[in-house]
Amino acid sequence: MKKILLVCACMGLLTAIHAQELPETQIKNLDNGKKVAFNESFEKGKVTLISFWATWCVPCKKEIKNIALKLDGLKKDAGIDFNYMTISIDEVRAEGLARTYAMAQGWRFPYFIDANADLKRSLNFQSVPYTMIIDKNGKVAFTHTGYEEGGEVEIFEKIKELAKK
């Protein structure tokens, strides 16, 4: 009986997480310095992959690098049209470091910062790398914490599935 209750509670929590409205929390675009509400930072009607990262997080950098390497190929070969963006959770004093890193890596996708961790608290996650996929309707469709080499394959499969809906 306890196991059934635990499973039901977990399923309810997952449903609540994936059905949640996205917060209006402000994030800062590191490319142009403008602030934007998170729920307005991505294109409606299009699947969006978001990587939360930090300059001190080695797995975060590896995940973003591997996604970036395969991004154009996935879009071209699979004919999948989706957006990709990153959000640094570094403190405000590391904003320049995050911007410099993104520029040095040649990122051709939007990169933001959540310097006061307001968005992180709004989304209620604890650690990075944290990956989120937003569906065409602007709802959270997938989340994942951590990264292992090759983990981007599962992410891309989920994007393909969501883009076809």
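The structure this text deals with has already been given above.
Here we summarise the structure given alongside this text.

The rules we used
- Residues numbered from 1 in each chain as written.
- Predicted model: local features only at pLDDT ≥ 70, side-chain atom pairs only at ≥ 80, totals over all residues.
- Heavy atoms only, no water.
- Helix = DSSP H or I, 4+ residues; strand = E, 2+ residues; numbered from the N terminus.
- Contact = heavy atoms within 4.5 Å.
- Buried < 20%, exposed > 50% of the residue type's maximum accessible area, 1.4 Å probe, protein only.
- Arc of directions from axis to C-beta.
- Pairing = 2+ DSSP bridges.
- Axes fitted to C-alpha atoms, helices over the stretch in contact; angles between N-to-C directions.
- Core = buried A, V, L, I, M, F, W, Y, C linked by side-chain atoms within 4.5 Å.
- Polar contact = N/O pair within 3.5 Å; in protein donor to acceptor, adjacent residues only side chain to side chain.
- Disulfide = S-S within 2.5 Å.

### A short note on the overall build of the protein
Scanning the protein from N- to C-terminus turns up 5 helices and 7 strands. In the protein, the order of α-helices and β-strands from amino to carboxyl end is α-β-β-β-α-β-α-β-α-β-β-α. Expressed as a percentage of contacts within the protein between residues at least 6 apart in sequence, the contacts between residues at least 24 apart total 69%.

### Re helix α3 (residues 95-104)
For α3, the complete set of buried residues consists of E95, A98 and A102. Axial view of α3: buried residues confined to an arc of 65°, hence all on one face. In α3, those exposed residues whose orientation departs by more than 90 degrees from the buried face are L97, M103 and A104. If you follow the buried residues of α3, they end up packed against β1 (26-29), β3 (48-53), β4 (83-88) and β5 (111-113).

### Looking at the sheet that holds strand β2 (residues 35-37)
Read across the open sheet, the 7 strands follow the order β2-β1-β5-β4-β3-β6-β7; overall the sheet is mixed. Each of the sheet's edge strands pairs with one partner strand only, and the pair in question is β2 and β7 (140-145). Each adjacent strand pair in this sheet contributes to an overall mean axis angle of 30°, direction not counted. Its contacts with the sheet put helix α2 (residues 58-77) on β3, β4 and β6 (130-134), and the angle it makes with β3 is roughly 150°. Its contacts with the sheet put α3 on β1, β3, β4 and β5, and the angle it makes with β5 is roughly 170°.

### A few points about the nonpolar core
Generally speaking, soluble globular proteins have nonpolar side chains that are buried together. Residues F38, L49, F52, F82, I87, M132 and I159 are the most contacted members of the largest nonpolar core, which totals 47 residues. Sequence-distant contacts of I87, that is, excluding residues within four places in its chain, are made with I27, F38, I50, S51, F52, W53, F112, I113, D114 and L119.

### Comments concerning the side chain of N29
On the secondary structure map, N29 appears in strand β1. In terms of polar contacts, N29 uses its side chain to reach the backbone amide nitrogen of D31, at 2.7 Å. Sequence-distant contacts of N29, defined by excluding residues within four places in its chain, comprise K34, Y111 and F112.

### Observations regarding unusual backbone geometry
Residues V128 and P129 are joined by a peptide bond in cis, for which omega reads 0°. Relative to the helices and strands, P129 resides in the loop between α4 (118-123) and β6. Phi angles above zero are rare outside glycine, and A117 is one such case at about 60°. Note that A117 resides in the loop between β5 and α4. Its identity is not glycine, yet N124 carries a phi of approximately 60°, on the positive side. Considering the arrangement of structural elements, one finds N124 in the loop between α4 and β6.

### Concerning the pairing of β7
As defined by bridge partners, β6 adjoins β7 across 5 bridges and the pair is classed as antiparallel. Following the sheet pairing, Y130 is matched in β7 by T145. The turn joining β6 and β7, which pair antiparallel and follow one another in sequence, is formed by 5 residues; a positive phi near 80° is taken by G138.

### Some thoughts on the state of the cysteines
Taken as a whole and judged by the stated rule, the model has 1 disulfide. Covalently, C57 is tied to C60 through a disulfide, its sulfur atoms 2.2 Å apart. Across the disulfide from C57 to C60, rotation about the S-S bond amounts to roughly 80°, and the bridge is consequently right-handed. You'll find C57 and C60 in the same group, each marked buried.

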